[in-house]
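# Descriptive analysis of the structure
Below are the chains, spelled out letter by letter.
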Amino acid sequence: MAYPAQLGFQDAASPVMEELLHFHDHALMIVFLISTLVLYIIVAMVTTTLTDTYILDSQEIEIVWTVLPAVILILIALPSLRILYLMDEINDPHLTIKAIGHQWYWSYEYTDYEDLSFDSYMVPTQDLAPGQFRLLETDHRMVVPMESPVRVLVTAEDVLHSWAVPALGVKMDAVPGRLNQTAFIAARPGVYYGQCSEICGANHSFMPIVVETVPLHHFETWSSTMLEDASL
């Protein structure tokens, strides 16, 4: 969960998000080194009045400033491609959930169960319990087991939406008539918040996403309770 005046990212709650944070730090250090070098060259050119023909017309320098950017781009591109393939990898998910975007709430269908589905609406400010977050809490959370591969099928019923949970490193567009899929593995128990990341209309900012990760036996208890309530 982000906090006021936070400068960095949220703590990673999945292996993919940890890789994304490492890649961000890697790219930021490269940008910092380039910026430092460029700043030094600018200061040196402005403050130094001496010139040298070897510097102004040098084949070796031209080779260096042509090859060096290519090497830097390769150092950025290879880790980026590796993470892209990791994010697309979905191997033998233990649970599949279908997330459907509506104006303006989310519906969840646990496709491995026969009658386990529910709508998830934002809790109004006047109904919040102590400790709940305004504009982020929902009346029904998407509960998943921790340390298990979870596949999420994302679609929409009306307009474009986007299902995003930053701490899990997940963001997938919800397109009417199209079924997109993403996956994540929650590394630890907790409650993770997200919001629709597509401008989908007047109440775009009022359709939050709450993912609660729990141990497997707690998830089995929760699913049994939900199925009993549905049968009643």
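Not measured: the values here are computed from a predicted model. (Residues numbered from 1 in each chain as written. Predicted model: local features only at pLDDT ≥ 70, side-chain atom pairs only at ≥ 80, totals over all residues. Heavy atoms only, no water.)

## Remarks on the UniProt feature "transmembrane region" (unreviewed entry) in the protein chain
Put simply, the test is: UniProt positions are given in the numbering used here, feature names are shortened, and annotations may be inferred rather than shown by experiment. Helix numbers and strand numbers start at the N terminus; a helix is a DSSP run of H or I with at least 4 residues, a strand a run of E with at least 2.
Here, UniProt's "transmembrane region" (unreviewed entry) annotation points to residues 27-51 and 63-85. Helix makes up 100% of residues 63-85 and strand makes up 0%, while its end C-alpha atoms are separated by 33 Å.

## Details of the pairing of strand β4 (residues 142-145)
Convention followed: Categorising residues by exposure relies on relative accessible area from a 1.4 Å probe, with only protein chains included: less than 20% of the type maximum marks a residue as buried, more than 50% marks it as exposed, and the intermediate range marks it as partly exposed. One requirement defines pairing of two strands: DSSP has to find at least two bridges between them.
Both faces of β4 are covered, namely the face carrying M142 and V144 and the face carrying V143 and P145. Across 4 bridges, β4 lies against strand β10 (residues 208-214) in parallel orientation. Across the sheet, the residue bridging to M142 is V211, located in β10.

## Some words on the environment of E198
Inclusion rule: Only heavy atoms matter for contacts: two residues are in contact if any of them lie within 4.5 Å across the pair.
By secondary structure assignment, the location of E198 is in the loop between β9 (190-195) and β10. Taking the relative accessible area as the measure of exposure, E198 reaches 26% and is therefore partly exposed. Placed 177 residues apart in sequence, E198 and L21 show a C-alpha to C-alpha distance of 23 Å. Beyond its immediate chain neighbours, meaning those up to four positions away, E198 contacts L160, H161, S162, D173 and H204.

## Side note on the state of the cysteines
Our working rule: Put simply, a disulfide is two cysteine sulfurs that come within 2.5 Å.
In total, this model carries 0 disulfides according to the counting rule given. Cysteine C196 is unpaired, with the sulfur of C200 as its nearest cysteine sulfur at 3.9 Å.

## Quick look at the pattern of salt bridges
Put simply, the rule is: A pair is scored as a salt bridge if a Lys or Arg side-chain nitrogen falls within 4 Å of a carboxyl oxygen belonging to Asp or Glu.
On inspection of all chains with the given rule, the structure shows 3 salt bridges. Residue E19 pairs with R82 through a salt bridge whose shortest N-O separation is 2.9 Å. Of the two residues, E19 is situated in helix α1 (residues 15-47) and R82 in helix α3 (residues 59-88); the sequence distance between them amounts to 63 residues. A residue is classified by how much of its surface remains accessible, and E19, at 25% relative accessible area, is partly exposed. Salt-bridge contacts for R141 lead to E212; the nearest nitrogen and oxygen are separated by 3.4 Å. Placement of the pair is R141 in the loop between β3 (117-120) and β4 and E212 in strand β10, with a sequence separation of 71 residues. In the salt-bridge network here, residues are joined through shared partners; they are E137, R141 and E212.

## Here we look at the domain arrangement of the protein chain
Heads up, the rule is: Residue ranges for the domains originate in an automatic or database domain assignment. The term buried area means the drop in 1.4 Å probe accessible area that two parts suffer when joined, counted for both and summed. Here a polar contact is recorded for every N or O atom pair within 3.5 Å, except that within protein the pair must consist of a potential hydrogen donor and a potential acceptor, and residues adjacent in sequence are included only if both atoms are side-chain atoms. Under the grouping applied here, Gly and all other residues not named as nonpolar or charged are polar, the nonpolar ones being Ala, Val, Leu, Ile, Met, Phe, Trp, Tyr, Cys and Pro and the charged ones Asp, Glu, Lys and Arg.
Each assigned domain of the protein chain is listed here: domain 1 (15-88) and domain 2 (95-231). In this structure, domain 1 and domain 2 have C-alpha centres spaced 40 Å apart. Taken together, the 5 residues of domain 1 in the interface contact 5 residues of domain 2. Ranking the residues of domain 1 by area buried against domain 2 places P15, M17 and M87 at the top, with a combined share of 82%. Viewed at the interface, domain 2 and domain 1 are joined by 0 salt bridges. On the surface where domain 1 and domain 2 come into contact, there are 0 residue pairs in polar contact (both at pLDDT 80 or more). Residue contributions to the side of domain 1 that touches domain 2 peak at 4 residues, all from α1. Here the residues of the side of domain 1 that touches domain 2 are counted per class, giving 5 nonpolar, no polar and no charged.

## Things to note about the packing of α1 against α3
To keep it simple, the criterion reads: Between the N-to-C directions of two axes lies an angle of 0 to 180 degrees, each axis being a line fitted to C-alpha atoms and, for a helix, fitted only over the stretch in contact. Each angle is binned into one of four classes, with values under 35 degrees roughly parallel, values over 145 roughly antiparallel, values of 65 to 115 roughly perpendicular, and all other values oblique.
At a minimum axis distance of 10 Å, the contact between α1 and α3 shows a crossing angle of 170 degrees. Put simply, α1 runs roughly antiparallel to α3. On the side of α1, the interface is formed by V16, E19, L20, F23, H26, I30 and I34, while α3 contributes I72, L75, I76, P79, S80, R82, I83, L86 and M87. For the contact of α1 with α3, the class distribution of residues is 12 nonpolar, 2 polar and 2 charged.

## Regarding the sheet that holds β4
Taken in spatial order, the 3 strands line up as β4-β10-β9 in an open sheet, and their pairing is mixed. Each of the sheet's edge strands pairs with one partner strand only, and the pair in question is β4 and β9. The average angle at which neighbouring strand axes cross in this sheet is 25 degrees, direction not considered.

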